[in-house]
Amino acid sequence: MKSRLVLSLCLLALLSSCGGGDKGAGNAPEYAVLETQTTTAHLTNSYPATIRGKQDVEIRPMVSGFITKLHVDEGSEVKKGQVLFTIDQVQYMAAVETAKAAVETAKAALQTQELTTQNNRELNKRGIVSDYQLSTSENQLAQAKASLAQAEASLTNAARNLEYTEVTSPSDGIVGQIPYRIGSLVSASSENPLTTVADNSEMYAYFSMTERQLLTMIREGGSQKEILEKLPKIRLQLIDGSLYPDSGRVETISGVIDPTTGSVSMRAMFPNEYNILRSNSTGNVIFPNVLTDVILIPQSATTEIQDKKFVFVLQPDNTVKNTEIQVYHLNDGKNYYVTGGLKAGDKIVIEGVQAIHDGQAITPITPADKEAAYKQALEDQKNGNIQTAFQ
């Protein structure tokens, strides 16, 4: 029976004290108020991103043949010019030797024809050889020169084909999947590439933001280059939630807004010195937002009417005025960053705002006083001082 009486008294006291106590001058209820101050807020915007290598090059053979040697394995780091595959060289070496022989034959034929033509020129001067015979000899000399040029071109082509039997990397990077192994027949028309070399020295993060967000970032205007230079350095959050150690920068902003999503595509570049990032991985690009001279207030101190936010500002006569405020679109879930409607030094009610009305008189107390009173009430309740605990 005694416990029920205590519980009833507690409930009655709580109901009577909702929205503040009745202590103070003129029986005006007590409410905790906070004196506002300006601060600098460090906020962030996050955008989902897809990560790609700076350059992903498909490696395809230029000649046909069987693979005779694999010089690398999947995931290997390679340098520009490093040999990746060797294709059977026998037929291409034979082609080079044949072409060399053809060149030597053409050179010998040319030398012979040069001597014959030179002799015919002298004989023609003496009238021994007719002009027709000399012209025929000159034509044969031109033909011999053309034959030599053709033979040399064939040698160059054969030598190039022989070089193509050693497939090299066009850039530094990481070797991807290798679908063909030793003994596989490959050619320039093969459906799949021999492999892919991803240049991961620098990585691109592709992401999108809304047109409104973009306008907020570039509202100061300027050329595309100036806008990019003004954008802050950005961070990359990896799939496991950790932050990538190196910061990046935005390099490109698409000039076209996607009409279906209302977003614009952007590309950022991040260094990848330690090969932490990989092509086709995902993460979040994080933009820092630094707000200066803003006022931080608890969200519990606000009321909302038709998407507009209001606070009760304490007046000199201890009445409150319902005042509209403007807040930044980002927040931490507990506080609002006020950008308009309040000034430093204003005092706002931070508790029981749902029970207050415009023009109401209150007895202002500090949050520290409110906390102290609450702790004292708990102590009195613990000690059985019900009369003083909830007065």
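Everything numeric in this text was worked out from a predicted model, so none of it was measured.

Draft legend 1. Inspection of the packing of helix H2 (residues 90-126) against helix H3 (residues 131-164) at higher detail. Contact geometry of H2 with H3 gives a least axis separation of 8 Å together with a crossing angle of 165°. When the axes of H2 and H3 are compared, the pair comes out roughly antiparallel. Considering the relative orientation of H2 and H3, their crossing is left-handed.

Draft legend 2. Up close: the side chain of Ser187. Structurally, Ser187 can be placed in the loop between strand E8 (185-186) and strand E9 (195-210). Take Ser187: its relative accessible area is 17%, and that puts it in the buried class. A polar contact of 3.0 Å, which involves the side chain of Ser187, links it to the side chain of Ser189. In contact with Ser187, not counting residues within four places along its chain, are Pro61, Val63 and Ser64.

Draft legend 3. Just the sheet that holds strand E3 (residues 65-70), in detail. Reading across from one edge, E6-E5-E3-E8 is the order of the four strands in this open sheet, with antiparallel pairing throughout. Edge positions in the sheet fall to strand E6 (166-168) and E8, since each of these pairs with one other strand and no more. When strand E5 (residues 83-87) meets E6, the two strands line up antiparallel, connected through three bridges. Across the sheet, residue Thr86 finds its bridge partner in E6, namely Glu166.

Draft legend 4. Highlighting the packing of aromatic side chains. One pass over the structure, following the stated rule, counts five aromatic pairs. Arranged with centres 6.2 Å apart and planes meeting at 75°, the rings of Tyr204 and Tyr206 form a pair that is edge-to-face. The exposure class of Tyr204 is buried, given its relative accessible area of 13%. Using a relative accessible area of 38% as the deciding quantity, one classes Tyr206 as partly exposed. A ring pair is formed by Tyr244 and Phe270, whose centres lie 6.3 Å apart and whose planes are at 85°; its orientation type is edge-to-face. Of this pair, Tyr244 sits in the loop between strand E10 (235-238) and strand E11 (249-253) while Phe270 is found in strand E12 (residues 263-271), placing the two residues 26 residues apart along the sequence. On the accessibility criterion, Tyr244 (2% relative accessible area) is buried. The class for Phe270 is buried, based on a relative accessible area of 1%. Each residue in the set Tyr47, Phe207 and Phe287 is aromatic and connected to the rest through ring pairs, giving one cluster.

Draft legend 5. Just H3, in detail. In this model H3 runs 49 Å from its N-terminal to its C-terminal C-alpha over 34 residues, within 8% of the 50 Å that 1.5 Å per residue would give. Residues Leu134, Ser137, Leu141, Ala144, Leu148, Ala151, Ala158 and Asn161 constitute the buried set of H3. In this structure, the buried residues of H3 make contact with H2.

Reading the values: rules and limits
- Residues numbered from 1 in each chain as written.
- Predicted model: local features only at pLDDT ≥ 70, side-chain atom pairs only at ≥ 80, totals over all residues.
- Heavy atoms only, no water.
- Axes fitted to C-alpha atoms, helices over the stretch in contact; angles between N-to-C directions.
- Helix = DSSP H or I, 4+ residues; strand = E, 2+ residues; numbered from the N terminus.
- Parallel < 35°, antiparallel > 145°, perpendicular 65-115°, else oblique.
- Left-handed = near helix turned anticlockwise from the far one by under 90°.
- Buried < 20%, exposed > 50% of the residue type's maximum accessible area, 1.4 Å probe, protein only.
- Polar contact = N/O pair within 3.5 Å; in protein donor to acceptor, adjacent residues only side chain to side chain.
- Contact = heavy atoms within 4.5 Å.
- Pairing = 2+ DSSP bridges.
- Phe/Tyr/Trp six-rings, centres within 6.5 Å; stacked < 30°, edge-to-face > 60°.
- Expected span 1.5 Å × (residues − 1).

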